[in-house]
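The lines below spell out each chain.
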Amino acid sequence: MAIQSVPTPPTPPEGSQIVAMAPLCSVFRRFLRSRNLKYTPERADILNAIIERDDVFEVDQLLMEMRERGHRVSKATIYRTVKLLQDAGIITQALFDSKQAHYQLIYGKAARDYIVCMKTGEYLEFTDDELVALRNRICEERGWDPVGHRFQIYALSPEGRQQIDQMQASGADEDDA
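The rules behind each value
- Residues numbered from 1 in each chain as written.
- Predicted model: local features only at pLDDT ≥ 70, side-chain atom pairs only at ≥ 80, totals over all residues.
- Heavy atoms only, no water.
- Helix = DSSP H or I, 4+ residues; strand = E, 2+ residues; numbered from the N terminus.
- Buried < 20%, exposed > 50% of the residue type's maximum accessible area, 1.4 Å probe, protein only.
- Areas by Shrake-Rupley, 256 points an atom, 1.4 Å probe, with all protein chains shown as cover.
- Patch = residues over 30% accessible without salt bridge, like charges linked within 9 Å, V, L, I, M, F, W, Y side chains within 5 Å.
- Salt bridge = Lys/Arg side-chain N within 4 Å of Asp/Glu carboxyl O.
- Axes fitted to C-alpha atoms, helices over the stretch in contact; angles between N-to-C directions.
- Parallel < 35°, antiparallel > 145°, perpendicular 65-115°, else oblique.
- Left-handed = near helix turned anticlockwise from the far one by under 90°.
- Contact = heavy atoms within 4.5 Å.
- Nonpolar A, V, L, I, M, F, W, Y, C, P; charged D, E, K, R; others polar.
- Pairing = 2+ DSSP bridges.

A. Main features of the overall build of the protein chain. Helix and strand counts for the protein chain stand at six helices and six strands. Scanning the protein chain from its N terminus toward the C terminus, one meets helices and strands in the order α-α-β-α-α-β-β-β-β-α-β-α. Within the protein chain, the fraction of its 177 residues that count as buried is 32%. Put simply, the protein chain shows about 11,700 Å² of open surface, and 52% of that area lies on carbon and sulfur atoms.

B. Highlighting a nonpolar patch on the surface. A grouping of Ile115, Leu124, Phe151 and Ile153 is seen on the molecular surface, where their side chains present a nonpolar patch of about 310 Å² in accessible area. Along the chain, Leu124 falls in strand β5 (residues 123–126). Residue Leu124 is classed as exposed on the basis of its relative accessible area, which comes to 52%.

C. Structural detail: the packing of helix α3 (residues 59–68) against helix α4 (residues 75–87). Between α3 and α4, the least distance of the axes is 10 Å, while the angle of their chain directions is 125°. On the basis of their axis angle, the class for α3 and α4 is oblique. By crossing handedness, the relation of α3 to α4 is classed as right-handed. Residues Val59, Asp60, Leu62, Leu63, Met66 and Arg67 of α3 lie in contact with α4, whose contacting residues are Lys75, Ile78, Tyr79 and Val82. Per-class residue counts for the contact of α3 with α4 are seven nonpolar, no polar and three charged.

D. Summary view of the sheet that holds strand β2 (residues 91–94). As summarised here, the arrangement of the three strands in space is β1-β3-β2, forming an open sheet in which the pairing is antiparallel. Two strands lie at the open edges of the sheet, namely β1 (57–58) and β2, each paired on one side alone. Looking at chain direction, β1 and strand β3 (residues 102–105) are connected through two bridges and run antiparallel. Across the sheet, the residue bridging to Glu58 is His102, located in β3. Each of β2 and β3 is contacted by α4, which is oriented at about 105° to β2, the strand it contacts most.

E. Fine view of the pattern of salt bridges. Enumeration over the complete set of coordinates arrives at eight salt bridges. Note that Asp60 is salt-bridged to Lys75, the shortest N-O span being 3.5 Å. Of this pair, Asp60 sits in helix α3 while Lys75 sits in helix α4, and the two are 15 residues apart along the sequence. Residue classification places Lys75 among the partly exposed residues on the basis of a relative accessible area of 43%.

F. Just the packing of helix α2 (residues 41–53) against α3, in detail. Between α2 and α3, the shortest axis-to-axis distance is 11 Å and the interhelical angle comes to 105°. In terms of orientation, α2 lies roughly perpendicular with respect to α3. Side by side, α2 and α3 meet where Asp45, Ile46, Ala49, Ile50 and Arg53 of the first sit next to Gln61, Leu62, Glu65 and Met66 of the second. By residue class, the composition of the contact of α2 with α3 is five nonpolar, one polar and three charged.

G. Layout of unusual backbone geometry. Of note, the phi angle at Asn36 is positive, near 60°, even though the residue is not glycine. Within the secondary structure, Asn36 sits in the loop between α1 (17–34) and α2. For Asn36, a relative accessible area of 73% puts it in the exposed group.

H. Summary view of the sheet that holds strand β6 (residues 150–155). One open sheet holds the three strands; their spatial order is β5-β4-β6, and the pairing between them is mixed. Looking along the sheet, the strands with just one partner apiece sit at the ends: β5 and β6. When strand polarity is set aside, the average angle formed by the axes of neighbouring strands in this sheet is 20°.

Remember, this is a structural readout, not a statement about activity or role.
What follows is the structure, given as structure tokens:
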């Protein structure tokens, strides 16, 4: 299995989706061309929907949103396009739970890190300069050039802890009866 190197993109100006769209289209077109595939209107619509979203998403959720906006796109086309976008280094899979894969736009974006509640599935995005410094130091020590990272902490949120406590309390009440 060959590993493809994807050039590090410049970070687009804050809040600038139009500036980010042109390079992403170009990157995706070049990638598709290298695979002898076409940049179809459906693939363009899917890429645009992901860029507009600029958040973690599930494929089924993306499909539903696109259909609500009047796009005619099949589930198979979205899944194939998501795979191609991953292979092109434009999006990555962000594993929050074992039930459904989540994805996020990464090309031209600063690293996004998350705390994920194991009970509720709720997630909280955060940034930490120390984490970036650690990533850079680890890469530098090994002669690698850092281009990004993904860091997820699995924990229990206050709401998740409360749900567990309530379930345990109701179980204890039933045992007493």
